[in-house]
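The primary structure of each chain is shown beneath.
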Amino acid sequence: MKIQILINKNSWAQDYKKLIKFKLKKFTKKIIFLNDHKKLKNRYDINIIFSYFKIIEKKYLNKSKFNIIPHESDLPKGQGMSPLTWQILKGKNNITFSLIEASHKIDDGPIYYKRRKIIKADVVFNEIKNIQFETNIALIKKFLNFYKKKGKTPNKSIPKGKKTYFRTRTPKDSKLNINKSLKSQFNLLRLCDTKNYPAFFYLNKKKYFLKLEKKK
């Protein structure tokens, strides 16, 4: 089995590449990582679009037999970018993770598997990303186990229900309001990526950054 994995250059998942390779080593020794879909290789079995922010044209999807995407929402609800972050910001803690086949539209392909996970209110960014990683990799391994044993993909279901869409988050979305309490903004603070999108605020025309760490 030959696997190629797409991860965006500035994605949190870049820090997990070694762990991904370790988790998937029982399926194949042939795993490559790419950060540009235009560099996808021909004649691969599986392309895992793990954390990638661009639309992939059909001609590039055709380079692999199957293109799978882990996505942190109960599709078709929550299509789009940063679904886990947006849901937690809305106060949701019971999150559905989906594994789908890629299509020419964003997060609109048929669904292979779903799994629910509770995200507790006291976990912070690194912990959230660990939960996100472990849940997504479990769905991917379930798919690969089936494919390795059966030589085909699991049954797929067509997404049903009303579609909703999350917009792309930008650095501006990490801005704190100094006139509100930290308690009222704790969900935002614990979701900010301190490396790529740190929490910040302005005071007296100066910009300040906040980094949240939880005592072990």
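Our subject is the structure that appears above.
Undergrad: Can you break down the sheet that holds strand β4 (residues 64-71) residue by residue, with the values?
TA: Here we have six strands laid out as an open sheet, ordered β2-β1-β3-β4-β6-β7, and mixed in their pairing. Looking at the sheet topology across the chains shown, the edges are occupied by β2 (30-34) and β7 (111-118). Within this sheet the neighbouring strands show an average axis-to-axis angle of 20°, counted without direction. The sheet contacts of helix α4 (residues 125-150) involve β1 (2-7), β3 (44-51), β4, β6 (94-101) and β7, and relative to β7 the element is tilted by about 150°.

Undergrad: If you had to explain the pairing of β6 to someone new, which residues and values would you point to?
TA: Walk down a regular strand and you will see the side chains alternate between the two sheet faces. The buried fraction of β6 is high, at seven of eight residues. The pairing of β4 with β6 spans four bridges and is classified as antiparallel. Of the residues in β6, the one forming a bridge with Pro70 is Leu99.

Undergrad: If you had to explain the packing of aromatic side chains to someone new, which residues and values would you point to?
TA: Within the structure shown, the criterion is met by ten aromatic pairs. The interplanar angle of 80° and the centroid separation of 5.4 Å between the aromatic rings of Trp12 and Tyr16 together place this pair among those described as edge-to-face. Centroid distance Phe50 to Phe133: 6.1 Å. Interplanar angle 50°. Geometry classified as tilted. Taken together, the residues span a long stretch of sequence, with Phe50 in strand β3 and Phe133 in helix α4 at a distance of 83 residues. Since its relative accessible area comes to 1%, Phe133 is described here as buried. Joined through ring pairs, the aromatic side chains of Trp12, Tyr16, Phe50 and Phe133 make up one cluster. If you follow Lys207 out to its NZ or CZ, it ends over the ring of Phe200, 4.4 Å from the centre.

Rules behind the numbers
- Here the residue numbers are simple positions, counted from 1 along each chain's written sequence.
- A pLDDT threshold of at least 70 governs which residues receive local features in this predicted model, and a stricter bar of 80 or more applies before side-chain atom pairs are shown or counted, although totals over entire chains, interfaces and linings include all residues.
- Side-chain measures here rest on the full set of heavy atoms in the structure, leaving out hydrogens and waters.
- By the convention used here, strands pair only if DSSP detects at least 2 bridges between them.
- The helix and strand labels rest on DSSP assignments: H or I over at least four residues marks a helix, E over at least two residues marks a strand, and numbering proceeds from the N terminus.
- Interaxial angle, 0 to 180 degrees, is taken between N-to-C directions of lines fitted to C-alpha atoms, where a helix line uses only the stretch in contact.
- Whether two residues touch is decided by their heavy atoms; if any such pair falls within 4.5 Å, the residues are in contact.
- Here's how the labels work: a residue is buried when its accessible area is under 20% of the maximum for its type, exposed when over 50%, partly exposed in between, all with a 1.4 Å probe on protein chains only.
- Pairing of aromatic rings covers Phe, Tyr and Trp, the last through its six-membered ring, and needs centres within 6.5 Å; plane angles under 30 degrees mean stacked, over 60 mean edge-to-face, and all others mean tilted.
- Lysine NZ or arginine CZ positioned within 6 Å of the ring centre and within 35 degrees of the ring normal marks a charge as sitting over the ring.

Structural measurements only, silent on function.
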